[in-house]
Amino acid sequence: MRGKVVSLPEAIAMIPDGAVVALGGNTVHRSPSAAVHEIVRQGRRGLDVVKTAGAYDVDLLCAAGCAAAVSAGFIGFETPFGMALAYRRAVETGAVEAREHVCASVIAGLRAAAQGVPFMPIAGMTGSDLPAARGFRMVADPYTGAETVAMAAIAPDVAIIHVQEADVDGNAAITGTLFEDVLMAQAAKRVIVTTERVVDRLPMDRVTIPGFLVSAVAEAPGGAAPCGCAGEYGYDREWLLAWGAAAKTAEGAAAFVVDRVATVAAR
Amino acid sequence: MRGKVVSLPEAIAMIPDGAVVALGGNTVHRSPSAAVHEIVRQGRRGLDVVKTAGAYDVDLLCAAGCAAAVSAGFIGFETPFGMALAYRRAVETGAVEAREHVCASVIAGLRAAAQGVPFMPIAGMTGSDLPAARGFRMVADPYTGAETVAMAAIAPDVAIIHVQEADVDGNAAITGTLFEDVLMAQAAKRVIVTTERVVDRLPMDRVTIPGFLVSAVAEAPGGAAPCGCAGEYGYDREWLLAWGAAAKTAEGAAAFVVDRVATVAAR
Amino acid sequence: MSEREAGVPEQMAVAIARLLRDGETVFHGVASPLPMVATLLAKRTCAPGLVYLSIAGGVDAEPGYLPETTTDPVLLENARARVTLSEIFDLSARGGLDVAFLSGVQIDGQGRVNMSAIGAFDRPKVRLPGGAGSALLMPTAKRVILWRAKHDPRIFVERLDFVTAAGNVDRVVTPLCVFRSIDGRLEVESIHPGVTPEQVRTATGFPVAVGPETPVTPPPTAAEAAVLREIDPARIVASEF
Amino acid sequence: MSEREAGVPEQMAVAIARLLRDGETVFHGVASPLPMVATLLAKRTCAPGLVYLSIAGGVDAEPGYLPETTTDPVLLENARARVTLSEIFDLSARGGLDVAFLSGVQIDGQGRVNMSAIGAFDRPKVRLPGGAGSALLMPTAKRVILWRAKHDPRIFVERLDFVTAAGNVDRVVTPLCVFRSIDGRLEVESIHPGVTPEQVRTATGFPVAVGPETPVTPPPTAAEAAVLREIDPARIVASEF
């Protein structure tokens with residue numbers, strides 16, 4: 001192997017404390033869990049985690065003390081797995097700032113960064129307390145005077161995207177739902193791709209993220225687990241339920257992080 | 001056939017005089033030429049034609065008196081075929097208004113419409129006389145005060161997209177370069193798809209425009225000609241050179257329109 | 001007998017499905033088993049031409065089985081096309097989405113929702129998951145259908161701790177009843193079979209007009225029940241209970 | 001002997017190719033045969049790791065033949081990935097595009113271009129095609145390389161009728177010379193073999209410092225010439241002449 005391929009620890013070592021880190025995937029699907037586990041192992045601190053809808057990844061980063069802020073539209077597991085209790089506790093104790101977004105406003109902020117403009121107007125939001133609570137400002141259309149909320153650009157320092165296949169040059173192929181991963185790759189200053197498999201060469205029409213946007217490729221078989229990875233494996237029900245049970249208390253969550261993540265080499 | 005399938009004349013009959021009409025494709029590639037020929041035959045008037053980079057389609061609509069305005073970044077044939085002489089003449093005589101854009105500002109305007117916001121900030125444009133000449137206004141980022149040009153939304157009344165394959169429900173598959181066609185389909189109030197072939201059912205990953213955005217599908221084999229259609233046929237060099245020669249004079253262009261378009265049934 | 005055993009999930013699913021009309025574009029997001037089942041049911045019964053969109057990106061998916069998580073890749077199976085969540089938000093933002101399914105941890109008498117915080121937003125007693133797409137979808141989708149698998153006065157409140165989203169709420173479907181938004185207020189449209197007006201009144205934190213004259217939600221027809229059994233043999237419809 | 005026969009196209013192509021650096025992302029749009037050939041040449045010579053983007057959407061396409069029209073679908077052949085023009089504009093807008101190739105009907109001494117109109121913009125004597133992407137690309141791409149296959153004082157003018165675009169012009173390559181932008185002014189960097197300083201001076205409508213001391217553009221090397229013959233046997237490189 002050559003090109004942009006590095007080990008997962010090498011890839012994660014690129015991320016400084018305090019970085020704005022966008023995570024691909026959605027709830028318990030195609031999250032970059034192996035990368036998140038490695039972030040925990042490396043003891044990264046002060047991250048601002050950007051995601052539309054997060055679950056295990058964000059919850060774990062909160063439990064392990066890696067996150068200082070979470071910029072997301074929704075943080076919670078899907079129906080069988082309940083709430084994100086570590087995230088909730090971290091916000092309630094003031095350890096983590098909940099920068100609540102609409103999923104669509106995360107998208108708008110990423111779009112602004114991807115398009116090289118300082119902000120993006122966004123529809124809707126009327127009647128919501130969010131703009132006032134979050135300091136979202138209004139902008140007037142210079143042609144009609146019509147007002148919309150303006151979302152400030154969100155340019156992650158790093159986007160971490162887990163994919164099914166990538167080549168050594170970083171061309172990456174996502175199977176199944178794309179979520180906001182392509183947009184994250186465009187908006188971020190650097191892109192780390194973790195991949196189930198490094199492959200020789202992908203047909204053009206399979207590539208969802210072009211290699212020239214990608215800084216590093218790390219092979220991470222099973223790298224979405226315990227979340228699912230379309231076409232590869234489903235989510236790990238036992239693991240997620242165990243996490244949900246452990247996360248009921250700070251002590252339980254801490255023990256889980258030590259036992260199943262911090263002291264265990266990459267799966 | 002059933003679903004959204006109509007004849008090409010029926011599809012074009014949906015377009016009223018004075019409509020804002022976005023045309024897919026780019027220069028001499030995958031333009032909806034059969035639809036343009038039918039617009040000429042039906043004698044539509046007063047159209048505002050939206051395109052990033054147009055050639056034969058826009059030139060012909062100007063020659064035939066169908067266009068009142070052209071909103072585009074570039075109107076000209078590619079190297080072997082020279083300038084768009086009918087467009088040029090129509091603008092010089094005042095018959096057609098050249099609403100010159102940057103290709104990127106057409107995209108920004110379509111994005112605003114697609115995203116349901118009145119305008120879109122756009123990077124660049126500094127040092128250009130275009131904003132002043134075209135009345136493009138500035139907008140200040142409400143967070144930093146940084147100023148960018150604001151593009152007013154461009155919501156075409158109709159987008160006409162020529163594709164290689166579509167099913168009866170309007171799911172459409174473009175082979176080769178997408179150009180701005182998907183965005184046009186999102187921004188437009190109605191979408192007319194002309195297709196080389198109506199097919200039974202397309203695999204999900206082949207579909208570039210989902211059928212729920214499409215109002216009508218018209219089968220038009222050879223429907224991009226004399227422009228090329230990726231994977232199907234190249235551009236018709238003889239036709240384009242003949243048009244270029246005819247378009248040198250108003251009389252020549254008029255005769256060409258009568259002989260090769262107006263009095264000829266759909267190819 | 002639990003609500004789950006008593007067929008309340010099925011009652012809710014049919015009540016929701018009947019709200020969907022042929023040809024509408026309909027969207028649900030994460031953690032939405034009831035809307036998923038109801039939409040697939042509607043497509044097999046009252047609204048065959050409905051366009052079914054989900055956060056998984058499927059357009060008119062025909063999943064081989066129903067998943068517990070409604071972001072699941074199986075919701076792309078046999079889809080006619082694939083769209084991104086961004087495209088769905090855009091569709092709604094420009095007025096092209098007919099129905100959005102949303103929910104709330106708290107729901108008030110105007111059909112507004114709180115998904116953000118109990119207590120102060122900045123220093124919450126309970127931090128909630130967040131409103132996902134609701135602050136964009138509720139004001140822009142033509143109709144919003146809210147659902148909750150639980151109906152008690154801590155959910156249906158007089159006053160929200162925080163308004164995460166507000167907008168075009170049309171109906172709210174609960175285990176007890178269907179609310180309809182009339183002139184910006186939720187009114188009880190029908191109560192489900194076996195539910196008393198008193199139950200609805202005491203379970204609802206805002207004042208509601210309900211009495212013996214209130215219509216009863218028609219129970220699932222034999223045909224609806226049969227389709228439900230066919231598309232959802234594992235009773236994912238009951239997973240929220 | 002015409003310029004075409006004298007190998008001027010090849011001289012221009014190698015002069016352009018040598019401006020490209022390994023690892024750069026490089027874009028050309030419509031009607032750009034010289035940049036297309038030069039970029040493919042650079043990738044085979046001085047800049048193997050260059051990322052070649054075109055309006056056809058190909059990322060590092062390896063076309064089986066070179067097309068006359070540079071929006072041609074053959075420019076997707078053997079590409080590593082496919083991008084849209086929108087994505088390329090975005091890339092440039094956010095500072096990620098290293099080199100954009102552009103041209104002008106008129107070019108002034110600051111390297112600004114007019115692609116819009118001769119005469120008044122609103123009532124033009126000659127309506128021109130329009131600047132395509134240049135008003136976005138010129139201020140945002142890190143470097144802009146202009147080229148024209150013709151060099152006369154009606155093209156290289158003291159004063160533009162209209163400034164369609166202005167920005168980060170680095171070099172301008174013509175049949176006679178290479179201009180370099182220094183402190184915002186075009187200066188003659190080298191004149192092509194066989195061209196006299198006087199020819200450059202009289203062909204240029206703005207004042208230029210050129211004389212016997214002006215360096216001569218190195219002619220194509222044997223290796224460059226061989227690669228050119230291999231990738232462009234039909235001499236598409238000469239199609240603009």
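Residues numbered from 1 in each chain as written. Chains lettered and ligands numbered in written order. Predicted model: local features only at pLDDT ≥ 70, side-chain atom pairs only at ≥ 80, totals over all residues. Heavy atoms only, no water.

**Student:** Which residues make up the overall build of chain A, and what values go with them?
**Tutor:** Each helix and strand in chain A was counted, giving 9 helices and 12 strands. On C-alpha atoms alone, chain A measures out to a radius of gyration of 18 Å, which is about the 18 Å that the 2.2 N^0.38 rule sets for 267 residues. Relative to its full complement of 267 residues, chain A shows a buried share of 63%. Here the analysis covers contacts within chain A between residues at least 6 apart in sequence; of these, 73% occur between residues at least 24 apart. Here chain A has roughly 8,000 Å² of accessible surface; of this, 54% comes from carbon and sulfur atoms. (Helix = DSSP H or I, 4+ residues; strand = E, 2+ residues; numbered from the N terminus. Rg over C-alpha atoms; globule rule 2.2 N^0.38 Å. Buried < 20%, exposed > 50% of the residue type's maximum accessible area, 1.4 Å probe, protein only. Contact = heavy atoms within 4.5 Å. Areas by Shrake-Rupley, 256 points an atom, 1.4 Å probe, with all protein chains shown as cover.)

**Student:** Can you explain the overall build of chain C? Please cite residues and give values.
**Tutor:** Scanning chain C for helices and strands turns up 6 helices and 14 strands. On C-alpha atoms alone, chain C measures out to a radius of gyration of 17 Å, which is about the 18 Å that the 2.2 N^0.38 rule sets for 241 residues. Each principal axis of the C-alpha atoms in chain C carries an extent, and together these give about 45 × 45 × 30 Å. Nonlocal contacts in chain C, meaning residues at least 24 apart in sequence, comprise 68% of its contacts between residues at least 6 apart. For chain C, the exposed area adds up to about 8,300 Å²; of that, 52% sits on carbon and sulfur atoms. Averaged over its 24 positive side-chain charges, chain C has a centre that lies 3 Å from the centre of its 28 negative ones. (Lys, Arg positive; Asp, Glu negative; His and termini not counted. Charge placed at Lys NZ, Arg CZ, Asp CG, Glu CD.)

**Student:** Requested: an account of the pattern of salt bridges, with residues and values cited.
**Tutor:** Two side chains of opposite charge can pair, provided their charged atoms sit close to one another. Counted under the stated rule, the structure contains 58 salt bridges over all chains. Glu38(A) serves as the salt-bridge partner of Arg41(A), at 2.9 Å between the closest nitrogen and oxygen. Taken together, the residues span about one helical turn, with Arg41(A) and Glu38(A) both in helix H2 (residues 33-41) at a distance of 3 residues. Its relative accessible area of 7% is what places Glu38(A) among the buried residues. Across the pair Arg201(C) and Glu198(C) runs a salt bridge whose closest N-O atoms are separated by 2.6 Å. Within this pair, Arg201(C) and its partner Glu198(C) are both found in helix H5 (residues 197-203), separated by 3 residues, close to a single helical turn. (Salt bridge = Lys/Arg side-chain N within 4 Å of Asp/Glu carboxyl O.)

**Student:** Give me the lowdown on the environment of Cys227(B), citing residues and values where you can.
**Tutor:** Positionally, Cys227(B) belongs in the loop between strand E12 (216-219) and helix H8 (237-246). With residues near it in sequence (within four places) discarded, Cys227(B) still touches Thr27(B), Val28(B), His29(B), Arg30(B), Ser31(B), Ser33(B), Tyr56(B), Tyr233(B), Gly234(B) and Tyr235(B).

**Student:** Which residues make up the packing of aromatic side chains, and what values do they have?
**Tutor:** All names here are of chain A. This structure, assessed with the given rule, holds 17 aromatic pairs over all chains. By the ring-pair criterion, three or more aromatic residues cluster together here, those being Tyr 56, Trp 239, Trp 243 and Phe 256. The cationic tip of Arg 260 hangs over the ring face of Trp 239; the distance from NZ or CZ to the ring centre is 4.8 Å. (Phe/Tyr/Trp six-rings, centres within 6.5 Å; stacked < 30°, edge-to-face > 60°. Lys NZ or Arg CZ within 6 Å of the ring centre and 35° of its normal.)

**Student:** Break down the sheet that holds strand E6 (residues 119-122) of chain B for me, citing the residues and quoting the values.
**Tutor:** Residues and elements named next belong to chain B. Spatially, the 3 strands line up as an open sheet ordered E6-E8-E7, and their pairing is antiparallel. Of all strands in the sheet, those with a lone pairing partner are E6 and strand E7 (137-140), marking the two edges. Adjacent strand axes in the sheet meet at a mean angle of 45° when their direction is disregarded. Pairing analysis gives 4 bridges linking E6 to strand E8 (residues 147-152), with the strands arranged antiparallel. By the bridge assignment, Phe 119 is partnered in E8 with Ala 152. (Pairing = 2+ DSSP bridges. Axes fitted to C-alpha atoms, helices over the stretch in contact; angles between N-to-C directions.)

**Student:** Tell me about the sheet that holds strand E7 (residues 113-114) of chain D, and name the residues and values.
**Tutor:** In space, the 3 strands of this open sheet follow the order E7-E6-E11 (chain D), with mixed pairing throughout. The strands lining the two open edges of the sheet, one partner per strand, are E7 and strand E11 (156-157) of chain D.

**Student:** An account of the interface of chain C and chain A is needed here, citing residue identities and associated values.
**Tutor:** Many authors give the size of an interface as the accessible area that is lost as the parts come together. Taken residue by residue, the interface counts 46 residues in chain C and 45 residues in chain A. Taking both partners together, chain C and chain A bury about 3,500 Å²; carbon and sulfur atoms supply 58% of that area. Taken as a group, Glu68(C), Arg127(C) and Pro129(C) account for 19% of the area that chain C buries against chain A, more than any other trio of residues on that side. Summed over the shared surface of chain C and chain A, the result is 3 salt bridges. Taken together, chain C and chain A are joined by 20 residue pairs in polar contact (both at pLDDT 80 or more). Of all the elements in the fold, those that place two or more residues in the side of chain C that touches chain A are helix H3 (85-93), strand E9 (124-127) and helix H4 (134-140) of chain C. (Buried area = accessible area lost by both parts, 1.4 Å probe. Polar contact = N/O pair within 3.5 Å; in protein donor to acceptor, adjacent residues only side chain to side chain.)

**Student:** Hey, could you go over the nonpolar core for me, with residue numbers and the actual values?
**Tutor:** If you look at the biggest cluster of nonpolar residues, it comprises 188 residues, and the most contacted ones within it are Phe179(C), Leu146(D) and Phe179(D). Core analysis: the second largest hydrophobic core is formed by 53 residues, Ile39(A), Ala55(A), Ala86(A) and Ala220(A) among them. (Core = buried A, V, L, I, M, F, W, Y, C linked by side-chain atoms within 4.5 Å.)

**Student:** Can you lay out the pairing of strand E12 (residues 169-173) of chain C for me, pointing to particular residues and giving the numbers?
**Tutor:** Residues and elements named next belong to chain C. Counting buried positions along E12 gives 5 out of 5 residues, so the element sits mostly inside the fold. Two elements, strand E10 (residues 143-147) and E12, share 4 bridges in a ladder whose sense is parallel. Within E12, the position partnered with Trp 147 by the bridge is Val 173. Bridging between E12 and strand E13 (residues 177-182) involves 3 bridges; their strand directions are antiparallel.

**Student:** Pulling in residues and values, what's your account of the environment of Ser54(C)?
**Tutor:** Residue and element names in this part refer to chain C. Along the chain, the position of Ser 54 falls in strand E2 (residues 51-54). Classification of Ser 54 as buried rests on a relative accessible area of 1%. Spatially, the C-alpha atom of Ser 54 lies 15 Å from that of Gly 64, the residues being 10 residues apart in sequence. Excluding residues that lie within four positions of it along the chain, Ser 54 makes contacts with Phe 27, His 28, Leu 75 and Ile 88.

**Student:** Which residues make up unusual backbone geometry, and what values go with them?
**Tutor:** Here Ala225(A) and Pro226(A) are connected by a cis peptide whose omega angle stands at 15°. With respect to the helices and strands, Pro226(A) occurs in the loop between strand E12 (216-219) and helix H8 (237-246). A positive phi angle is found at Phe179(B), which is not glycine, with a value near 50°. The residue Phe179(B) is located in the loop between strand E10 (172-173) and helix H7 (181-187) in this model. Phi at Asp183(C) is positive, roughly 50°, even though this residue is not glycine.

**Student:** Just give me the short version of the interface of chain D and chain A, but keep the residues and values in it.
**Tutor:** The interface is formed by 16 residues belonging to chain D together with 16 residues belonging to chain A. Here chain D packs against chain A, burying approximately 1,400 Å² in sum over the two surfaces, 52% of which is carbon and sulfur. Between chain D and chain A we count 3 salt bridges in total. Looking at the side of chain D that touches chain A, the elements that each hand over two or more residues are strand E2 (51-54), strand E4 (81-82) and helix H3 (85-93) of chain D. In terms of residue count, H3(D) provides more of the side of chain D that touches chain A than any other element does, 4 residues in total. Of the residues in the side of chain D that touches chain A, the class split is 9 nonpolar, 2 polar and 5 charged. (Nonpolar A, V, L, I, M, F, W, Y, C, P; charged D, E, K, R; others polar.)

**Student:** Mind laying out the side chain of Glu196(B), listing which residues take part and the relevant values?
**Tutor:** Residue and element names in this part refer to chain B. Here Glu 196 shows up in strand E11 (residues 190-198). Comment: no salt bridge for buried Glu 196; closest opposite-charge side chain is Arg 197, at 5.2 Å. A polar side-chain atom of Glu 196 sits 3.2 Å from the main-chain amide nitrogen of Gly 223.

**Student:** Break down the state of the cysteines for me, with residues and values.
**Tutor:** As enumerated under the stated definition, the model contains 0 disulfides over all chains in all. Left unpaired, Cys62(B) is separated from the closest cysteine sulfur, that of Cys66(B), by 9.1 Å. (Disulfide = S-S within 2.5 Å.)

**Student:** Can you lay out helix H2 (residues 33-44) of chain D for me, pointing to particular residues and giving the numbers?
**Tutor:** All names here are of chain D. Relative to the 16 Å expected for 12 residues at 1.5 Å per residue, H2 spans 17 Å between its end C-alpha atoms, a close match to the ideal helical length. With 11 of 12 residues buried, H2 lies mostly within the body of the structure. Those residues of H2 lying buried are Pro 33, Leu 34, Pro 35, Met 36, Val 37, Ala 38, Thr 39, Leu 40, Leu 41, Ala 42 and Lys 43. Where the residues of H2 are buried, they touch helix H1 (8-17), strand E1 (25-28), E2, strand E5 (99-102), strand E10 (143-147) and helix H6 (222-231). (Expected span 1.5 Å × (residues − 1).)

**Student:** Summarise the pairing of strand E14 (residues 185-191) of chain C; cite the residues concerned and give the values.
**Tutor:** Residue and element names in this part refer to chain C. Sheet topology note: the E13/E14 ladder contains 6 bridges and is antiparallel. Paired with Arg 180 across the two strands is Glu 187, which belongs to E14. A loop of 2 residues connects E13 with E14, the two strands running antiparallel in sequence, and Asp 183 in this loop sits at a positive phi of about 50°.

Honestly, it's all geometry; don't read function into it.
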